[in-house]
Amino acid sequence: GQNIDQPTEMTATEGAIVQINCTYQTSGFNGLFWYQQHAGEAPTFLSYNVLDGLEEKGRFSSFLSRSKGYSYLLLKELQMKDSASYLCAVRRDSGGYQKVTFGTGTKLQVIP
Amino acid sequence: SQTIHQWPATLVQPVGSPLSLECTVEGTSNPNLYWYRQAAGRGLQLLFYSVGIGQISSEVPQNLSASRPQDRQFILSSKKLLLSDSGFYLCAWKQGGISTFGSGTRLTVV
């Protein structure tokens, strides 16, 4: 099986930086995704990491350490519109098929 | 460009009634399609996936079924809804491992 852990809720101030952590345990690991989901809407893709290191995309960056089973999503220059849930998802090989399992998400509230 | 359509957006159904949610994809052929359910505090749970017409795999035993009558059509059904079937249902297709989701259906079973 697999286990994905991320904090349930976080609060941060507009203009600040926030780091959302995700730890996972799985066999056949083949990549980690981050999705953003605003309340009542569908998730949208943010980033994908398969190798160790930091991937930067504008105000958002995602980091992966495969040996530690750890990832984080870094949001800089926070804006009010960044208030949303952030889902960590792990991809693994399972019998020739690639499965993706989602964490329960971290609800981020950005305050003025 | 590829788009995914899902309807209805919201649905309120009584216990014991049937269910049919439809998802269609445009701009791609032979897509891998998925149905997820998102219940409060439980994250996205994969219900079914399909790699082609008539090919359905179920991830968890439940009161629901899925069908793929056409290449770009994926249907989620139930003969008799339970209260526990309430949730946010999302259809998705996947390319290069990245999931693109439909707009979702908020189902409330009363």
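Residues numbered from 1 in each chain as written. Chains lettered and ligands numbered in written order. Predicted model: local features only at pLDDT ≥ 70, side-chain atom pairs only at ≥ 80, totals over all residues. Heavy atoms only, no water.

### Topic: the overall build of chain A
Counting secondary structure elements, chain A contains zero helices and 11 strands. Each helix and strand of chain A, placed in order from N terminus to C terminus, yields the pattern β-β-β-β-β-β-β-β-β-β-β. What you see for chain A is a C-alpha radius of gyration of 14 Å, in line with the 13 Å of a compact globule of 112 residues. Principal axes of the C-alpha set define a box for chain A whose edges measure 50 × 30 × 20 Å. Expressed as a percentage of the 112 residues in chain A, the buried residues total 46%. Counted over contacts in chain A with a minimum sequence separation of 6, partners at least 24 positions apart contribute 56%. When the accessible surface of chain A is split by element, carbon and sulfur atoms take 48% of a total near 5,500 Å². Charge centroids of chain A, computed over 10 positive and 10 negative side chains, lie 6 Å from each other. (Helix = DSSP H or I, 4+ residues; strand = E, 2+ residues; numbered from the N terminus. Rg over C-alpha atoms; globule rule 2.2 N^0.38 Å. Buried < 20%, exposed > 50% of the residue type's maximum accessible area, 1.4 Å probe, protein only. Contact = heavy atoms within 4.5 Å. Areas by Shrake-Rupley, 256 points an atom, 1.4 Å probe, with all protein chains shown as cover. Lys, Arg positive; Asp, Glu negative; His and termini not counted. Charge placed at Lys NZ, Arg CZ, Asp CG, Glu CD.)

### Quick look at the sheet that holds strand β3 (residues 19–26) of chain B
Residues and elements named next belong to chain B. If you walk across this open sheet you meet the four strands as β1-β3-β8-β7, and the pairing is antiparallel. Whereas interior strands pair on both sides, the edge strands pair on one side only; in this sheet they are β1 (3–7) and β7 (65–70). With direction set aside, neighbouring strand axes in the sheet form an average angle of 20°. (Pairing = 2+ DSSP bridges. Axes fitted to C-alpha atoms, helices over the stretch in contact; angles between N-to-C directions.)

### A word on the interface of chain B and chain A
If you look at the interface, chain B gives 20 residues, while chain A gives 17 residues. Buried area between chain B and chain A, summed over both chains or domains, comes out near 1,400 Å², and the portion from carbon and sulfur atoms is 58%. Of all residues in chain B, Leu44, Ile98 and Phe101 of chain B bury the most surface against chain A, accounting for 29% of the area lost on that side. Here chain B and chain A share one salt bridge between them. As a salt-bridge pair, Glu59 of chain B and Lys99 of chain A come within 3.4 Å of each other at their nearest N and O atoms. Remark: the boundary between chain B and chain A carries three residue pairs in polar contact (both at pLDDT 80 or more). Of all the secondary structure elements, the ones that give two or more residues to the side of chain B that touches chain A are β4 (32–39), β5 (43–52), β9 (87–95) and β10 (98–101) of chain B. Across the side of chain B that touches chain A, the residue classes break down as eight nonpolar, eight polar and four charged. (Buried area = accessible area lost by both parts, 1.4 Å probe. Salt bridge = Lys/Arg side-chain N within 4 Å of Asp/Glu carboxyl O. Polar contact = N/O pair within 3.5 Å; in protein donor to acceptor, adjacent residues only side chain to side chain. Nonpolar A, V, L, I, M, F, W, Y, C, P; charged D, E, K, R; others polar.)

### Focus: the layout of surface pockets
Taken as a whole, the largest pocket spans an internal volume of roughly 560 Å³. Contributing to the lining of the largest pocket are 24 residues, with Gln37, Ser85 and Lys107 of chain A together with Gln38 and Gly41 of chain B lying nearest its centre. Listed by contribution, the elements that provide at least two residues to the lining of the largest pocket are β9 (84–94) and β11 (106–111) of chain A together with β4 and β9 of chain B. For the lining of the largest pocket, a count of residues per class yields seven nonpolar, 13 polar and four charged. (1 Å grid on protein atoms, 1.4 Å probe; cavity = no way out; pocket = protein on both sides within 12 Å on 5 of 7 lines; lining within 4 Å. Points joined across faces, edges and corners; volume = space filled by probe spheres on them.)

### A short note on the packing of aromatic side chains
On inspection of all chains with the given rule, the structure shows 16 aromatic pairs over all chains. A centroid spacing of 5.0 Å and a plane angle of 20° characterise the contact between Phe63 of chain A and Tyr72 of chain A, whose relative ring orientation is stacked. The class for Tyr72 of chain A is buried, based on a relative accessible area of 16%. Among the aromatic residues, ring-to-ring pairing joins Phe33, Tyr35, Phe45, Tyr48 and Phe102 of chain A together with Tyr34, Tyr36, Tyr49 and Phe101 of chain B into one connected group. (Phe/Tyr/Trp six-rings, centres within 6.5 Å; stacked < 30°, edge-to-face > 60°.)

### Comments concerning the state of the cysteines
Residues and elements named next belong to chain A. Following the criterion strictly, the structure yields two disulfides over all chains and no others. At a sulfur-sulfur separation of 2.0 Å, the disulfide partner of Cys22 is Cys88. The S-S bond linking Cys22 to Cys88 shows a torsion near -70°; that makes this disulfide left-handed. Placement of the pair is Cys22 in strand β3 (residues 18–25) and Cys88 in strand β9, with a sequence separation of 66 residues. Comparing Cys22 with Cys88, the two get one shared label, buried. (Disulfide = S-S within 2.5 Å.)

### Quick word on unusual backbone geometry
Omega for the peptide link from Trp7 of chain B to Pro8 of chain B comes to 0°, which places this bond in the cis form. Mapped onto the secondary structure, Pro8 of chain B falls in the loop between β1 and β2 (10–13). In this model, Glu77 of chain A sits at a positive phi of 45°, which is unusual for a non-glycine residue. Secondary-structure assignment places Glu77 of chain A in the loop between β8 (70–75) and β9.

Shape descriptors only; they carry no functional weight alone.
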